[in-house]
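Below are the chains, spelled out letter by letter.
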Amino acid sequence: MQHQKILILDFGSQVTQLIARRVRDAHVFCEVHPCDVSDDWVREYAKDGTLKGIILSGSHASVYEDTTDKAPQAVFELGIPVLGICYGMQTMAHQLGGKVEGGHKREFGSADVRARGHTALLKDIADYTTPEGQGMLDVWMSHGDKVTEMPPGFKLMASTDSCPIAGMADEDRRFYAVQFHPEVTHTKQGNAILKRFVLDICGTRQDWVMGDYISEAVEKIRAQVGDEEVILGLSGGVDSSVAAALIHRAIGDQLTCVFVDHGLLRLNEGDMVMDMFVGKLHAKVIRVDASDQFLGQLAGVSEPEAKRKIIGREFVEVFKAEAAKLKAANASSKGAKWLAQGTIYPDVIESGGAKSKKAVTIKSHHNVGGLPEQLGLKLLEPLRELFKDEVRELGVALGLPHDMVYRHPFPGPGLGVRILGEIKKEYADLLRRADAIFIEELRNFRDEASGKTWYDLTSQAFTVFLPVKSVGVMGDGRTYDYVVALRAVQTSDFMTADWAELPYALLKKVSGRIINEVRGINRVTYDVSSKPPATIEWE
Ligand SMILES: Nc1ncnc2c1ncn2[C@@H]1O[C@H](COP(=O)(O)OP(=O)(O)OP(=O)(O)O)[C@@H](O)[C@H]1O
Ligand SMILES: O=c1[nH]c(=O)c2[nH+]cn([C@@H]3O[C@H](COP(=O)(O)O)[C@@H](O)[C@H]3O)c2[nH]1
Ligand SMILES: NC(=O)CC[C@H](N)C(=O)O
Ligand SMILES: [Mg+2]
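Reading guide: rules and limits
Residues numbered from 1 in each chain as written. Chains lettered and ligands numbered in written order. Predicted model: local features only at pLDDT ≥ 70, side-chain atom pairs only at ≥ 80, totals over all residues. Heavy atoms only, no water. UniProt positions renumbered as here; feature names shortened; annotations may be inferred. Buried < 20%, exposed > 50% of the residue type's maximum accessible area, 1.4 Å probe, protein only. Helix = DSSP H or I, 4+ residues; strand = E, 2+ residues; numbered from the N terminus. Contact = heavy atoms within 4.5 Å. Pairing = 2+ DSSP bridges. Near = heavy atom within 4 Å. Polar contact = N/O pair within 3.5 Å; in protein donor to acceptor, adjacent residues only side chain to side chain. Areas by Shrake-Rupley, 256 points an atom, 1.4 Å probe, with all protein chains shown as cover. Nonpolar A, V, L, I, M, F, W, Y, C, P; charged D, E, K, R; others polar. Salt bridge = Lys/Arg side-chain N within 4 Å of Asp/Glu carboxyl O. Axes fitted to C-alpha atoms, helices over the stretch in contact; angles between N-to-C directions. Parallel < 35°, antiparallel > 145°, perpendicular 65-115°, else oblique. Phe/Tyr/Trp six-rings, centres within 6.5 Å; stacked < 30°, edge-to-face > 60°. Lys NZ or Arg CZ within 6 Å of the ring centre and 35° of its normal. Core = buried A, V, L, I, M, F, W, Y, C linked by side-chain atoms within 4.5 Å.

A.B. asks: What is the right way to read the UniProt feature "active site" (unreviewed entry) in the protein from this model?
C.D. replies: Following the UniProt record, the feature "active site" (unreviewed entry) maps to Cys86, His181 and Glu183 here. Their sequence span is 98 residues, while the largest C-alpha to C-alpha distance among them is just 10.9 Å; these annotated residues converge on one region. Judged by relative accessible area, Cys86 falls into the buried class, the value being 4%. Along the chain, Glu183 turns up in the loop between strand E10 (175-178) and helix H4 (190-201). Sequence-distant contacts of Glu183, that is, excluding residues within four places in its chain, are made with Val15, Leu18, Ile19, Arg22, Ile85 and Leu194.

A.B. asks: What am I meant to see in the pairing of E10 here?
C.D. replies: Successive side chains on a regular strand alternate, one facing one side of the sheet and the next facing the other. On E10, burial covers both faces: Phe175 and Ala177 on one face and Tyr176 and Val178 on the other are all buried. Pairing of strand E4 (residues 82-85) with E10, which is carried by four bridges, proceeds in the parallel orientation. Pairing of Leu83 across the sheet is with Tyr176, part of E10. With four bridges joining them, strand E9 (residues 167-170) and E10 adopt antiparallel strand pairing. Residue Ala169 lies in a different strand from E10, and its bridge partner there is Tyr176. Here E9 folds back onto E10 in antiparallel fashion, the turn holding four residues, of which Arg174 has a positive phi close to 60°.

A.B. asks: What is the right way to read the site of ligand 2 from this model?
C.D. replies: Near ligand 2 lie 14 residues; those nearest to it are Arg308, Lys363, Gln460, Ile536 and Glu537. Taking Gln460, its side chain carries an N or O atom lying 2.7 Å from an oxygen atom of ligand 2. For ligand 2, the protein covers 86% of the area, taking 500 Å² as the surface of the free molecule. Residues of the shell around ligand 2, tallied by class, amount to four nonpolar, six polar and four charged.

A.B. asks: Where do I start with the pattern of salt bridges in this structure?
C.D. replies: Any two side chains of opposite charge can pair, so long as their charged atoms come close to each other. All told, the structure shown has 31 salt bridges when counted by the stated rule. The closest approach of N and O atoms between Arg287 and Asp271, which form a salt bridge, is 3.0 Å. Of this pair, Arg287 sits in strand E13 (residues 284-289) while Asp271 sits in helix H7 (residues 269-281), placing them 16 residues apart in sequence. Among the charged side chains, a network of salt bridges with common partners joins Glu440, Glu441, Lys509, Arg513 and Glu517.

A.B. asks: Hey, could you run me through the site of ligand 3 in this one?
C.D. replies: The environment of ligand 3 is formed by Gly58, Ser59, His60, Ala61, Cys86, Tyr87, Gln90, Ser142, His143, Gly144, Asp145 and His181. The backbone of Ser59 places a nitrogen or oxygen atom 2.9 Å from an oxygen atom of ligand 3. Taken by itself ligand 3 offers 300 Å² of open surface, and the protein chains cover 91% of this. For the shell around ligand 3, the secondary structure elements donating two or more residues are helix H3 (87-95) and strand E7 (135-149). Among the elements that line the shell around ligand 3, the one with the most residues is E7, at four residues.

A.B. asks: How should the packing of helix H5 (residues 210-225) against helix H11 (residues 388-397) be read in this particular structure?
C.D. replies: To characterise two packed helices, one gives the angle between the axes of the helices and the distance between these axes. Between H5 and H11, the least distance of the axes is 9 Å, while the angle of their chain directions is 80°. By the angle class used here, H5 and H11 are roughly perpendicular. Counting all contacts with H5, which are made through Met210, Tyr213 and Ile214, the residues of H11 involved are Glu390, Glu393, Leu394 and Ala397. Its residues assigned to classes, the contact of H5 with H11 comprises five nonpolar, no polar and two charged.

A.B. asks: Would you mind going over the side chain of Arg407 with me for this structure?
C.D. replies: Within the element layout of this structure, Arg407 appears in the loop between helix H12 (402-405) and helix H13 (425-444). The contact partners of Arg407, leaving out residues within four places of it in the chain, are Gly236, Gly237, Val238, Arg266, Glu269, Met272, Arg392 and Tyr455.

A.B. asks: Just to check I follow, could you spell out the packing of aromatic side chains for this structure?
C.D. replies: Under the definition given, this model contains 13 aromatic pairs. Summarising the aromatic geometry, the rings of Phe29 and Trp208 are spaced 4.6 Å apart at their centres and angled 45° between planes, so their arrangement reads as tilted. Taken together, the residues Phe29 in strand E2 (residues 29-34) and Trp208 in the loop between H4 and H5 connect sequence positions 179 residues apart. Of the two residues examined, Phe29 and Trp208, each falls in the buried class. Centroid distance Trp499 to Tyr526: 6.2 Å. Interplanar angle 75°. Geometry classified as edge-to-face. Remark: Tyr526 occurs in strand E19 (residues 521-526) and Trp499 occurs in strand E18 (residues 498-499); sequence separation between them is 27 residues. Trp499 sits in the partly exposed class, given a relative accessible area of 30%. Through a chain of ring-to-ring contacts, three or more aromatic side chains come together here, namely Phe29, Trp208 and Tyr213. In this arrangement the basic side chain of Arg418 is found over the ring face of Phe462, its NZ or CZ atom lying 3.8 Å from the centre.

A.B. asks: Looking at this structure, I do not really get the nonpolar core. What am I missing?
C.D. replies: Most often, soluble globular proteins keep nonpolar side chains buried together rather than apart. Counting residues in hydrophobic clusters, the biggest one holds 97 residues, and the most contacted among them are Leu394, Leu502 and Ile514. Formed by 39 residues, the second largest nonpolar core is a distinct cluster that contains Val139, Ala166, Phe197 and Val198.

A.B. asks: Which parts of the structure should I look at to understand unusual backbone geometry?
C.D. replies: Most peptide bonds take the trans configuration, and most residues that are not glycine carry a negative phi. Note that the residue after Lys531, namely Pro532, is joined by a cis bond; omega there is -20°. Looking along the chain, the bond that leaves Pro532 and enters Pro533 is cis, with omega of 10°. At His27, a position not held by glycine, the phi torsion is positive, near 65°. Within the element layout of this structure, His27 appears in the loop between helix H1 (16-25) and E2. A residue is classified by how much of its surface remains accessible, and His27, at 33% relative accessible area, is partly exposed. The backbone of Asp124 shows a phi angle near 60°, a positive value even though the residue is not glycine. For Asp124, a relative accessible area of 70% puts it in the exposed group.

Okay, here's the thing in structure tokens:
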């Protein structure tokens with residue numbers, strides 16, 4: 001089935017992904033593409049008639065600078081609705097004959113917008129009404145420039161005291177634009193506004209449903225793979241587990257999962273993953289103990305990016321070797337031709353977004369963009385279009401256990417990025433035991449108000465090993481041992497995150513247990529840094 005779709009053109013805003021999330025939440029398929037696609041690309045994209053609307057994102061740039069990006073002019077010539085958000089509004093105004101100027105005052109944060117109720121976009125959407133009957137919206141703003149003159153054909157749709165043109169519309173052409181950001185949760189009616197655009201104004205069908213998606217994806221995988229063999233890097237994490245279950249449903253025994261123990265897994269993780277997949281999913285899983293190989297290559301290396309690159313490289317070495325072994329082990333096998341991965345949509349956007357060429361690399365992820373040419377395997381990535389929570393929904397629909405689907409993510413380099421500096425087996429062993437205690441207590445402690453455990457109330461939690469020693473006193477004796485840091489964050493998208501306000505009782509229990517039970521650690525700290533400016537992992 002052909003899905004109807006919305007195109008989001010990304011001008012490099014930090015929150016473009018949130019636009020896509022909101023549209024997907026309305027069960028409408030959408031894709032994010034860089035704003036510098038050509039007019040021909042846009043026409044081609046729209047050709048089959050499934051494109052129902054276009055959204056232009058925000059940006060850090062200013063439209064009156066000569067060098068900045070514009071929307072492909074074709075966007076305004078297709079006869080389909082367009083919504084401009086912030087910079088998207090400004091470029092729409094600029095390109096269609098209006099005027100944009102640098103403001104004297106930056107407007108950042110909450111604002112009250114007077115919404116003139118006479119456009120299809122904002123009609124009957126308001127947070128409250130003034131005594132004079134004026135509909136008001138509580139919105140989030142982040143801009144310094146503003147539209148000072150609307151293009152011909154547009155009428156005023158919204159305004160604030162400092163931004164008289166905070167929304168405009170040309171309803172004949174179905175062009176709408178808002179200076180505020182409907183995609184962020186701080187804009188209370190943001191979801192309603194985006195839904196109004198996508199469902200009512202564009203008239204898009206709500207045909208993006210994970211349950212239905214399974215049969216579609218299964219067909220696609222079968223068509224792609226034919227009778228060839230596939231190996232899949234299985235980590236036991238959410239993404240690769242769901243990918244494995246989906247591909248297994250499509251091609252059964254043509255799939256072999258390769259689970260790599262790089263010596264940097266958590267306590268008992270290897271056995272757990274094997275039990276789950278071999279026991280419950282009946283997929284073929286090969287467990288490769290490559291810990292000597294990884295730890296050997298990592299010995300003496302302490303620079304975080306260098307460590308990440310080595311780990312990425314060794315993963316590929318293992319996959320290549322296993323693909324070849326399939327052939328040797330079975331006379332009827334031609335060897336695997338495909339490498340399947342649990343790559344998801346944020347990985348794709350982050351490595352191919354409009355501004356990625358200019359963006360600095362904070363961390364190299366082992367599975368994205370870093371695969372060598374001479375891999376000799378074709379890539380199968382059935383989750384490439386999905387966001388994490390869609391992957392989770394899909395996992396549930398595929399019958400995976402709740403605990404597996406709602407696990408915290410665990411990075412491919414594992415404890416390798418949680419042992420600061422040089423990695424030693426001794427450090428990994430201490431860290432594994434301390435981390436297991438932390439996770440166990442997060443599962444034990446419940447928040448009374450919500451009834452949820454603190455594991456479920458946090459998005460990701462783990463322990464970090466600091467290779468420094470501090471002095472302690474234990475049983476009247478002196479200790480001189482290592483330090484660990486506890487890290488727990490709350491986030492919906494992992495792009496930004498707040499440190500979790502864990503109860504003191506929980507921290508106290510964890511600290512007491514780690515220091516008493518893990519000999520070699522005599523001090524526990526709690527990381528109270530948010531992202532940004534810190535990151536979630538320490539390396
Ligand atoms: N220990 C491992 N053995 C084999 N493949 C791995 C291992 N760790 C990571 N991978 C591969 O790298 C990919 C990316 O890892 P990533 O951590 O982003 O996803 P995940 O582990 O599947 O899910 P989650 O984000 O929930 O941890 C995985 O989908 C998997 O294909
Ligand atoms: O599969 C992965 N391979 C990696 O190389 C990697 N590095 C970070 N992460 C995870 O990404 C999220 C954001 O992490 P940071 O704030 O530390 O960048 C967090 O969820 C991290 O655990 C990784 N996952
Ligand atoms: N968030 C945005 O899109 C900002 C647009 C533009 N850079 C401004 O400052 O007004
Ligand atoms: Mg993982």
